[in-house]
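What the coordinates show
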Amino acid sequence: MKQIEGGITAVSGVRAAGVHAGIKAAAAKDVALIVTDTPATAAGVFTKNSVTAAPVIVCREHLNDGQAQAVIVNSGNANACTGEVGMANARRMAAATAEQLGIDAALVCVSSTGVIGQQLPMDKIENGIQATASALSTEGGSDAAEAIMTTDTHPKSVAVKIEIGDTPVRIGGIAKGSGMIAPNMATMLSYLTTDAKISAEVLQAALNRAVDDTYNLLTVDTDRSTNDTVLILATGHADHTEIVAAEGEDYEAFSQGLLFVCTELVKMLARDGEGATKLVEVVVKRAKNRDDAEKAARAVAESPLVKTAVFANDANWGRIMMAIGKSGAAFDPYQVDVYLADYQLVKDGMDAGYDEDKATALFAQDPVRITIDLRAGDAAVTMWTCDYSYDYIRINADYRT
């Protein structure tokens, strides 16, 4: 596996663009378009929030046949809690994109992100669709990554080249997300592309697997968005035997490549959490089962007391023990060991006799890795989060103003 440049447009048969259409007050890109040269095999995973945005509903409908050829995205407005008008606008986004590209509207997936409860400015949206269609390029992935951002401080993009048999295969991805992130699926938007030749059912299985081990283990602030979407388009341009079963060497090679791309994007998202100063990795090992491992990791990763201690470089391990204890995971408190990087803070549920200055210095590093050994079984999981700083309050207090 080799990391390469180009993001989503590193993949053969993919073009993209991002433009400023005036949806955002600032002169920032706010409409993105991703297009494959021909209809692609497609799969998606979406929010489980029962307050579901109109574009998510449309996107689910359009993926029913496992095909898509375009993804149109706007930032600055979520088109959520907008009723029948919002649904009509989401469908109009798909239709307008299809008109520009000369394809069926059912092949267009739609996403929106931004403020909830406001109707889309469709005149600006349609102008943006026309502009992106005219600007499509095999080097447009970076512009698309920029156009999907909201409170993000920088675009997130990654691509890799893997081998399936002796055939080079590319997988690329972009993502946005900085706040309202507490996955079940994940609270963000992410678009993935590949030139792998793979059936829709197997592509969906690979995406589900990757999401469970990456986006669903990402958290910033415990709030699950109304618009969460992860989409993958497979052009099939790579010259290898089609992957038609979720097993075997070819499937594993593809899955590992996809997992790498998603993991790198998740780390970027966590590090760019609203007001964040550090990426935090919470590793739970030797849990009774996967569910308990996730419970313990999530309780620590989402604890405001733990996150503020990390921001302050404060080795207050009691907050970690508290969070594990409230998680509902099964373990013996006097069998727990806690490490900061490889330095032990807690042994058998008690103070390990650590040096405060050394622990403080380790908390000042980025990333911060907290490892919790429950000594209750064989399951392990890693979650990604960030610290809480003063800026988290400022950003969210000023979000609409």
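For the structure itself, look to the data block above.
Heads up: these notes are all about the structure in this document. (Residues numbered from 1 in each chain as written. Predicted model: local features only at pLDDT ≥ 70, side-chain atom pairs only at ≥ 80, totals over all residues. Heavy atoms only, no water.)

1. A few points about the pairing of strand 8 (residues 189-194)
The line we're drawing: Classification of residues uses two cut-offs on accessible area relative to the type maximum, computed with a 1.4 Å probe and protein chains only: under 20% is buried, over 50% is exposed, and between them is partly exposed. Secondary structure elements follow DSSP: runs of H or I no shorter than four residues count as helices, runs of E no shorter than two count as strands, and numbering proceeds from the N terminus. Should DSSP find at least two bridges between two strands, the strands are taken to pair.
By the criterion of burial, strand 8 is predominantly enclosed, with six of the six residues buried. Taking every second residue as pointing to the same face, both faces of strand 8 are buried, with Leu-189, Tyr-191 and Thr-193 on one and Ser-190, Leu-192 and Thr-194 on the other. Summarising the sheet, strand 7 (residues 167-176) and strand 8 pair through six bridges and their orientation is antiparallel. By the bridge assignment, Lys-176 is partnered in strand 8 with Leu-189.

2. Re the sheet that holds strand 15 (residues 379-386)
In space, the six strands of this open sheet follow the order 13-12-11-14-10-15, with mixed pairing throughout. Edge strands, defined here as strands with exactly one partner in the open sheet, are strand 13 (350-351) and strand 15. Of the strand pairs in this sheet, strand 11 (residues 337-340) and strand 14 (residues 368-373) are connected by four bridges, and their pairing is antiparallel. Counted as the bridge partner of Tyr-339 is Thr-371 from strand 14.

3. Looking at the pairing of strand 12 (residues 343-347)
For a regular strand, the rule is simple: side chains alternate between the two faces of the sheet. By the bridge criterion, three bridges tie strand 11 to strand 12 in an arrangement that is antiparallel. Opposite Val-338, over in strand 12, you have Val-346 as the bridge partner. Alignment of strand 12 against strand 13, held across two bridges, turns out to be antiparallel. Paired with Lys-347 across the strands is Met-350, a residue of strand 13. Here strand 12 folds back onto strand 13, and the loop between the two strands holds two residues, one of which, Asp-348, carries a positive phi near 55°.

4. Some details on unusual backbone geometry
Along the chain, Asp-366 connects to Pro-367 via a cis peptide bond; the corresponding omega equals 5°. In this fold, Pro-367 is placed in the loop between helix 10 (356-363) and strand 14. Backbone geometry at Asn-313 places phi at a positive 60°, although glycine is not the residue there. Along the polypeptide, Asn-313 turns up in the loop between helix 8 (304-311) and helix 9 (317-326).

5. Looking at the packing of aromatic side chains
Worth spelling out the cut-off: Any Phe, Tyr or Trp ring, taking Trp's six-membered ring, that has another such ring centre within 6.5 Å forms a pair; planes under 30 degrees apart are called stacked, those over 60 apart edge-to-face, and the others tilted. A ring has a charge above it when a Lys NZ or an Arg CZ is no more than 6 Å from the ring centre and no more than 35 degrees off the ring normal.
With the rule as written, the count across this model stands at zero aromatic pairs. One cation-aromatic arrangement involves Lys-307 over Tyr-388; the distance from NZ or CZ to the ring centre is 4.4 Å.

Everything listed is a geometric property; what it means functionally is a separate question.
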